[in-house]
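Here is how the chains run, residue by residue.
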Amino acid sequence: MLERWFDLRGRGTTVGTEVLAGITTFMVMAYIIFVNPAILNFSGIKDLQNLGPGFAPTLAATCLVAGVMTILMGMATNYPFAVASGMGLNAVVAFQLIVGMQLPWSAAMGVIFLEGVVITILVLTGFREAVMDAIPMSLKRAISVGIGLFILFIGAFSGGLVKPGPPGVPVTLGDFNSLPVLVTLIGLFLTVALMALRVKGALLIGILLTTVVAIAVNAASGYTAFSLPGVAVVPSKILAFPDFSTLGRGLDLSVFWRAGVLAAILAIFSIMLADFFDTMGTVIGIGGEAGWLDARGKLPRLNRVLFIDSLGAVF
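The notes below deal with the structure included here.

Criteria and cut-off values
- Residues numbered from 1 in each chain as written.
- Predicted model: local features only at pLDDT ≥ 70, side-chain atom pairs only at ≥ 80, totals over all residues.
- Heavy atoms only, no water.
- Helix = DSSP H or I, 4+ residues; strand = E, 2+ residues; numbered from the N terminus.
- Rg over C-alpha atoms; globule rule 2.2 N^0.38 Å.
- Buried < 20%, exposed > 50% of the residue type's maximum accessible area, 1.4 Å probe, protein only.
- Contact = heavy atoms within 4.5 Å.
- Lys, Arg positive; Asp, Glu negative; His and termini not counted.
- Charge placed at Lys NZ, Arg CZ, Asp CG, Glu CD.
- Axes fitted to C-alpha atoms, helices over the stretch in contact; angles between N-to-C directions.
- Left-handed = near helix turned anticlockwise from the far one by under 90°.
- Nonpolar A, V, L, I, M, F, W, Y, C, P; charged D, E, K, R; others polar.
- Core = buried A, V, L, I, M, F, W, Y, C linked by side-chain atoms within 4.5 Å.
- Phe/Tyr/Trp six-rings, centres within 6.5 Å; stacked < 30°, edge-to-face > 60°.
- Lys NZ or Arg CZ within 6 Å of the ring centre and 35° of its normal.

1. Some thoughts on the overall build of the protein
Line of reasoning, step 1. The secondary structure content of the protein amounts to 13 helices and two strands.
Line of reasoning, step 2. Taking 315 residues into account, the globule formula puts the C-alpha radius of gyration at 20 Å, and the protein, at 21 Å, falls close to it.
Line of reasoning, step 3. Here the protein, with 315 residues, has 34% of them falling under the buried criterion.
Line of reasoning, step 4. In the protein, of all internal contacts separated by at least 6 residues, the share reaching a separation of at least 24 is 65%.
Line of reasoning, step 5. The protein carries 17 positive and 15 negative side-chain charges, and their two centres are separated by 4 Å.

2. A few points about the packing of helix α5 (residues 89-100) against helix α6 (residues 105-124)
Line of reasoning, step 1. Two numbers describe how α5 lies on α6: the axes approach to 10 Å, and their chain directions differ by 115°. For the pair α5 and α6, the sense of crossing is right-handed. Where α5 abuts α6, its residues V93, L97 and I98 lie against W105, A108, M109, V111 and I112.
Line of reasoning, step 2. Split by residue class, the contact of α5 with α6 holds eight nonpolar, no polar and no charged.

3. Focus on the nonpolar core
Line of reasoning, step 1. With 22 residues, the main nonpolar core has M73, F81, M132, M280, L299, L302 and V305 as its most contacted residues.
Line of reasoning, step 2. Secondary-structure elements contributing two or more residues to this core are α4 (55-77), α6, α12 (261-290) and α13 (302-314).
Line of reasoning, step 3. The element that contributes the greatest number of residues to this core is α12, accounting for five residues.
Line of reasoning, step 4. The contacts of F81, once residues within four sequence positions are left out, are T70, M73, T282, V283, I286, W292, L299 and V305.
Line of reasoning, step 5. L89, L97, A267 and I271 belong to the second largest nonpolar core, which has 17 residues in total.

4. Digging into the packing of aromatic side chains
Line of reasoning, step 1. Overall, the coordinates contain five aromatic pairs when judged by the stated rule.
Line of reasoning, step 2. Judged by centre distance (5.1 Å) and plane angle (45°), the ring pair of Y79 and W292 falls under tilted. With Y79 in the loop between α4 and α5 and W292 in the loop between α12 and α13, this pair connects stretches of sequence that are 213 residues apart.
Line of reasoning, step 3. Taking relative accessible area as the criterion, Y79 reaches 4% and is therefore assigned buried.
Line of reasoning, step 4. Judged by centre distance (5.6 Å) and plane angle (85°), the ring pair of F81 and W292 falls under edge-to-face. One end of the pair, F81, is in the loop between α4 and α5; the other, W292, is in the loop between α12 and α13, with 211 residues separating them in the sequence.
Line of reasoning, step 5. Residue class for F81 comes out buried when judged on its relative accessible area of 5%.
Line of reasoning, step 6. An aromatic cluster is defined as three or more aromatic residues linked by ring pairs; in this entry it consists of Y79, F81 and W292.
Line of reasoning, step 7. When the ring centre of F276 is taken as origin, the NZ or CZ atom of R128, which lies over that ring, is 5.4 Å away.

Right, dumping it as structure tokens:
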């Protein structure tokens, strides 16, 4: 059935290869499970209320939407694109919409919903694909490089390689004498070495080995190496029922009278642009690396990809 549905043999792959690739993709992008709720529940401004729906419900929603939309992407497009929360847009929601415009979290998520509706309409009318076709290939490649650099920066910050600088300096080098940075460097070395040796599943093996090293280092330090609770420790339990208490409660379209019509339209438009080009860079970057692009640099069945991606924003 899998062969008939996905034409695995025609694409030069096997079920085993795809399973390994899927696990690797999950491990590589699993950081969103924790980073997305952490950013969306930012609480640095104490006098603002309803800053976030809570860490556990946001974590559950992140996993649910990413999982369902990724399955739909594979079934509808026959491409192994993973669909998940955009890192960067969640910061816009937390700092611009909630902290800056002082919207409750439900109204901020309403902005994302409206953006998703608008961009879905653009897909259905063919406008979104037409714009993507009109942009020069060099610019499309540059966007994918920019997205990669942004994700690299997130990893460097999370691993302690860089940190916020003093006033007037946005970023500076981290503390290279600390244990977290040591673990980061060991993990980078292991992963790069495995990839250079062309070991199958190098990324996945590198992640697993780095996790083992981090847990061992943390245990050897008396569980003081990492400041965040629950990091680099063996979990107390493997399974727990997800918290879906906020599911369906975020559809709040009050941004128009809370912030004003013009401000609401500008917020929706700015997030739509970010979503638009984020997807473009991802599609071109991964499509080019996998050899899926045609002679004109266009991805076959692109409109299906854009449609599922747009529905992801709505959900």
